[in-house]
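So you can see what is in the structure, the chains are spelled out below.
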Amino acid sequence: MGQKRAFTNLFGIFLLLIFALFAVGFYTFYNAKGISYFSNSSESCNNCHIMNEVYNDYLAGSHSKKVKGESRASCADCHLPHQGMEKWIAKAESGLAHAYAFTFKLDELPTNLSATQKSKEMVQNNCIRCHGDYAAVAVNSTTNPHADSSLSCVSCHSDVGHKRGF
Amino acid sequence: MNNKGPLYFGIIVVIALIGGVLWLNNDVSQKQAESVGGIASKNFVEMSDDNPTFDEWGKNFPDYLDMYLTVEKEKPFETDFGGNLAYSKLIRYPQLTVLWAGYPFSIDANEERGHFWIQVDQMDTARNNKDFLNAHGFAGFGGQPTACMNCHSGWTPWLLKNVAKDDWVAFNSTKYWTMIKNVPAVNGYKEGSVEHSGPHGGKRMGVTCADCHTPNNMSLRLTRPAAINALVARGYERDVEQGVKATREEMRTLVCSQCHVEYYFKPTGEKVKVIGESIANDTSKKWWNGTQKTYDEFDTWRDGNKPTEIEVAGIELVFPWSEWKKGEPFRIEMFDEYYEKVRKVFDKDWAHKISGAPMIKIQHPESELYSGGVHAANGVSCADCHMPYIRKGAKKMTQHNITSPLADINSACKTCHNQSEDYLKAQIKDIQNSTAHNLRTAEYAIVSLITDIKTMRDSLGALESYQSEGKADVKKINEELQEVLELHRKAQMRADFIGAENSTGFHNPRESSRMLLQAVDMARMGQTKLVEIANANGIADFKTSNLGFEDMQKLNPGEIRYKVDVNNHKAGERYYEHDNVNGSPSNALIEGDKNLKPYNYQVVDKQ
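Residues numbered from 1 in each chain as written. Chains lettered and ligands numbered in written order. Predicted model: local features only at pLDDT ≥ 70, side-chain atom pairs only at ≥ 80, totals over all residues. Heavy atoms only, no water.

Per an unreviewed UniProt entry, chain A carries the name Cytochrome c-type protein and comes from Campylobacter vulpis. According to its UniProt record, chain A has this under Subcellular location (unreviewed entry): "Cell membrane". Regarding chain A, the relevant UniProt record gives this comment under Sequence similarities (unreviewed entry): "Belongs to the NapC/NirT/NrfH family." (UniProt positions renumbered as here; feature names shortened; annotations may be inferred.)

What follows is the structure in C-alpha cells.
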C-alpha cells in the first residue's frame, strides 16, 4: 500500500512538472514572439535586432510601398519559396538555424551578412515569379542558371529590396 | 520498487528541460533588452572635465572602455605597411637615417601602436631624452616642449586650464618634463605613486573619452585649440560647445583632425612666463655634457626640486592650413605656399646634416590626404571605417578599439561594398603596393641626390673660389647649391608626406601618386642641376648615383643602444626596456619591400 501511494505521489509530481514545462515553454514561445513567425509579415523578421538596418533600408525601398494597405512585397515574398510545403520546410529550416545562431553564436556572426547560394536562388526565383511576364526576354537571355557566368536579377538591380544588396 | 526508477529519471529529465527553457527565456529577454539600448543605470558616475580619465568615464560605458583597452592586452600585429607592432621603422627603412640626418627621428622612429600607448611612447622615446640626445651627437636639441603633449595626453585641456591658466602660448612653451609633473592624482591614487605614473588615470594616460566627447551628453566636440584655430582659418565658425560649427557627420571626421595632421611650432617672437624647475639653481646637477641641468627628466617633483617661474621664447602649435580653404581637397602645393609665406619666422624644422638644406619634417597628415579622396567625396567619415558599427552581444555599437580597417574588413568595408572580403583586401593591397613602390622610388632617388650633394660639397670646397682663409666656405657653397637644396627640401617634403601618412596611399591613391611623381622628378632634377654645376665649375669626375634596396640595407642602424654611459645606463645596453618596442619587423615585411622596388610582379602580384 505504502509503496503504491508513494508511486502515485511521484507520478503526480511528474505530471505537475510536465505541466510546468509546457507552461514555461509556452511563455518562452510567447516571449520570443513565436506566433509571429507563422505569419508572412516583414515586422516579424525585424523582431531580431540583427535585421534593423536591412529592415530600415527595405522600408525606404520600392517593394515596401503599400498598395491597398498591403506591401508590394514582404521579406518572405522574396526570401522564401512560394509553393506550400516547400515554403514551410524552408521557413522551419532557416528559423531553427537562425534561432540556434542567435542563441549560441551571436558574437561570431559578422557585422555585415552575405547571402548563401540557396538564398540567392530563392531570391532569383521570386524575381522571376513576379516580373517574369514582361522581363522574360531579359531573363531568358541573361540569367540561364546553367551558364557559369550568368547574371542574376540583383546583379544589376542590387538596391531594389534594400540598399545593401547582399 | 522496480518501476520507480524510470519515473525518477523522467522527473530529472523534465526538471532539466524546464531549467533549459527558463535559461532560453532569460536569454531571449536579455537580448531583447540589449537591442533597445540596455545601458546599466546603476552606479552611474557624473562625468566632468575635472577628471577626464577613461577609467572614470568608462564606469558608465563599460563595453566601450573594454573595446578601448583591447590594445593594452592584445598581442601586437603587423599589417603589410602598418598595424600596431612598434618595430623600428629605421630598421625596416634604413634610408630614413639619411633622409632625416641631423634630426632626432634619424636615431629613433618606431611604428605607432594605438591611442592607449601614445603618452607612454612619448615618455619613453629617445627623442624626448635630452641627455641621450646630447650623448649621441644631438647637442642642439633640448628635449620636447609641452606643445608635443597636445595630442598625447588626455590631461591637456585640464593642464591648459588649471596650470597654464588658459595661456595657450605659455602652455606650449613650457618644457614637456615640467608640465607632466603637474598632472594631478585622481581615482584614489597617491601623488607620485607607481599608479600615478601609469597610463590608467595617471601621467602616462593617452587619449581619453573626454578628448572627443562632451561630458553631459557625450556629443562630439573639439578640445584642442590648435585644431579649432586652424579650422577657423579655413573658414569654419567658432562654437563654444563643440569647437566649431559642424554637423555630426562632419564631426565624425573633425575630432580625428585634432591630431592626425601636419603641424609645426611657430615662434611667437615674444618672451613668455612659464613654470621652470629649481633644479636649474642646483650646481651639482649637470647634463651629460657638463652643462647645468635646467629641468629634471622625470615625471614627479623629487629630491627637493620645486616649481619656479622662468621666461622663455614663446612657441605656438599651428597647423599650416590657411591656404587650404573649407570644402576644398588638399594639395601639397598649399604647404609649399604656406611654408614660403612664414619663412621669415619659421624657415625650417632642421638643417639637413649632409646636404645642408633647410628641411620641413611632415608628420601624420591623414586629414589632409583623405580630404581629396573618393571616400571623402562620398561623405564617408574617418569613424565610418576606423570605428565601424559592430555588434557586441545584441547591441549595435561603434568600435572604440580604433585601428586599421584591415583588422575587420567585414564591418569596415562591407557596409557599403558588396564584394567579398578577399576581393576588397586585394584592392587595398594593390593600392598600397603601388604607393609603396612609388614611395621607395622617391626615397631612393632623394638619398641618391643627398649623396651627390655631399660629393659636390666636397668638390666645391676643394676649389679656391669656394674657400675663405684656406677652408671651405659653407655660405658660398650653399649659395651655389641653393636651387638644388630647395629641390631637396621640396622633394623630401613630398616623400615624407606619404611616408608619415598612415595609409600608404589608401586615403587618396591619386594624390599620393601625383605627390610621389613630383618627388622623384624634383630629386632627379636636383641631380641634373648638380651636373650643370659641375660643368660650370670645371669638375670633371662628377657622376650621379642611383642607389637601391641593397644600398639602403647597409645603412641599417639596428636597435637603439647606449653608446656611452648615461644616467646609470652602461654603453651597449638596449635603450628600450620593452622587447616589443624598437625591434626588427618580420622577415616577411623586409622580403616584401625587397620585391617592391624594382617591382617584381612575379612575386608581388601573386601574393
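Picking up where we left off.
## What about the overall build of chain B?
Looking only at helices and strands, chain B features 25 helices and ten strands. A compact globule built from 607 residues would reach a C-alpha radius of gyration of about 25 Å, and chain B, at 28 Å, matches this within 12%. Considering only C-alpha atoms, chain B reaches an extent of 120 × 65 × 55 Å along its principal axes. For chain B, buried positions account for 52% of its 607 residues. Counting only contacts in chain B whose residues sit at least 6 apart along the sequence, the fraction spanning at least 24 positions is 70%. Summed over its atoms, the accessible surface of chain B is roughly 28000 Å², and 54% of this surface lies on carbon and sulfur atoms. (Helix = DSSP H or I, 4+ residues; strand = E, 2+ residues; numbered from the N terminus. Rg over C-alpha atoms; globule rule 2.2 N^0.38 Å. Buried < 20%, exposed > 50% of the residue type's maximum accessible area, 1.4 Å probe, protein only. Contact = heavy atoms within 4.5 Å. Areas by Shrake-Rupley, 256 points an atom, 1.4 Å probe, with all protein chains shown as cover.)

## What about the UniProt feature "binding site: heme 3" (unreviewed entry) in chain A?
All names here are of chain A. Per the UniProt record, "binding site: heme 3" (unreviewed entry) is found at C127, C130 and H131. Examined against the element boundaries, C127 turns out to sit in helix α6 (residues 117-142). For C127, a relative accessible area of 17% translates into the label buried. Here C130 is to be found in helix α6.

## Thoughts on the interface of chain A and chain B
Counting from both sides, the interface comprises 33 residues of chain A and, opposite them, 34 residues of chain B. Counting each side, the surface lost to burial between chain A and chain B is near 2900 Å², with a carbon and sulfur contribution of 61%. On the chain A side of the contact with chain B, L10, T111 and N112 of chain A bury the most area, a combined 19% of that side's loss. Between chain A and chain B we count one salt bridge in total. Taken together, the connections running from chain A to chain B amount to 13 residue pairs in polar contact (both at pLDDT 80 or more). Considering every element that reaches the side of chain A that touches chain B, the biggest residue donor is helix α1 (residues 2-31) of chain A, with 16 residues. (Buried area = accessible area lost by both parts, 1.4 Å probe. Salt bridge = Lys/Arg side-chain N within 4 Å of Asp/Glu carboxyl O. Polar contact = N/O pair within 3.5 Å; in protein donor to acceptor, adjacent residues only side chain to side chain.)

## Quick look at the UniProt feature "transmembrane region" (unreviewed entry) in chain A
UniProt's feature table lists "transmembrane region" (unreviewed entry) at residues 7-30 of chain A, given in the numbering used throughout. Secondary structure within residues 7-30 of chain A divides into 100% helix and 0% strand; the distance between the first and last C-alpha atoms comes to 34 Å.

## Quick look at the nonpolar core
Residues and elements named next belong to chain B. F335, M456, L481 and F497 are the most contacted members of the largest nonpolar core, which totals 109 residues. For this core, the element with the highest residue contribution is helix α20 (residues 421-461), accounting for twelve residues. Once you skip the residues sitting within four places of it in the chain, F335 turns out to touch E262, P320, W321, F330, I362, E368, M493 and F497. (Core = buried A, V, L, I, M, F, W, Y, C linked by side-chain atoms within 4.5 Å.)

## Structural notes on the side chain of H507 of chain B
Residues and elements named next belong to chain B. Inspection of the secondary structure puts H507 in the loop between α21 (474-500) and α22 (509-536). Of the polar contacts made by the side chain of H507, one reaches the side chain of E501; its length is 2.6 Å. Setting aside its immediate chain neighbours within four residues, H507 contacts E366, L369, Y370, G373, H386, E501 and N502.

## A few points about empty space enclosed by the protein
All names here are of chain B. Tallied over the full model, the rule gives one cavity of 30 Å³ or more. In this structure, the largest cavity occupies an estimated 50 Å³ of space. The wall of the largest cavity is formed by Y68, V71, G114, H115, F116, H400, N401 and I402. Of the residues belonging to the lining of the largest cavity, the class tally is four nonpolar, four polar and no charged. (1 Å grid on protein atoms, 1.4 Å probe; cavity = no way out; pocket = protein on both sides within 12 Å on 5 of 7 lines; lining within 4 Å. Points joined across faces, edges and corners; volume = space filled by probe spheres on them. Nonpolar A, V, L, I, M, F, W, Y, C, P; charged D, E, K, R; others polar.)

## Details of unusual backbone geometry
Residue and element names in this part refer to chain B. With omega at 0 degrees, the peptide bond leading from K597 into P598 counts as cis. In this fold, P598 is placed in the loop between α24 (587-596) and α25 (601-604). Residues other than glycine seldom take positive phi values, yet N568 does so here, at roughly 65 degrees. Along the polypeptide, N568 turns up in the loop between α23 (549-553) and α24. Unusually for a residue other than glycine, N582 sits at a positive phi of about 70 degrees.

## Some remarks on the state of the cysteines
This structure, assessed with the given rule, holds one disulfide over all chains. Between the sulfur atoms of C151 of chain B and its disulfide partner C259 of chain B the distance amounts to 2.5 Å. When the S-S torsion is -100 degrees, as for the bridge of C151 of chain B with C259 of chain B, the disulfide is left-handed. Residue C151 of chain B is located in the loop between α8 (130-135) and α9 (156-162), and its partner C259 of chain B is located in the loop between α14 (248-254) and β3 (264-277); the two are separated by 108 residues in the primary sequence. Relative accessible area serves as the criterion here: at 18%, C151 of chain B is assigned to the buried category. In this model C156 of chain A remains outside any disulfide bridge; the closest cysteine sulfur is found in C153 of chain A, 8.8 Å from its own. Considering cysteine sulfurs only, C256 of chain B is the nearest to C382 of chain B, which forms no disulfide, with 4.1 Å between them. Note on C382 of chain B: relative accessible area 17%, which makes it buried. (Disulfide = S-S within 2.5 Å.)

## Here's the deal with the packing of aromatic side chains
The relation between two aromatic rings is expressed through the spacing of the ring centres and the mutual angle of the planes. All names here are of chain B. Following the criterion strictly, the structure yields 36 aromatic pairs over all chains and no others. Seen from their ring centres, Y575 and Y576 are 5.1 Å apart, and the 85 degrees between their planes marks the pair as edge-to-face. Y576 gets classed as buried once you look at its relative accessible area, which sits at 9%. One residue, R127, lies across the ring of F105, its end atom 4.0 Å from the ring centre. In this arrangement the basic side chain of R234 is found over the ring face of W324, its NZ or CZ atom lying 3.5 Å from the centre. (Phe/Tyr/Trp six-rings, centres within 6.5 Å; stacked < 30°, edge-to-face > 60°. Lys NZ or Arg CZ within 6 Å of the ring centre and 35° of its normal.)

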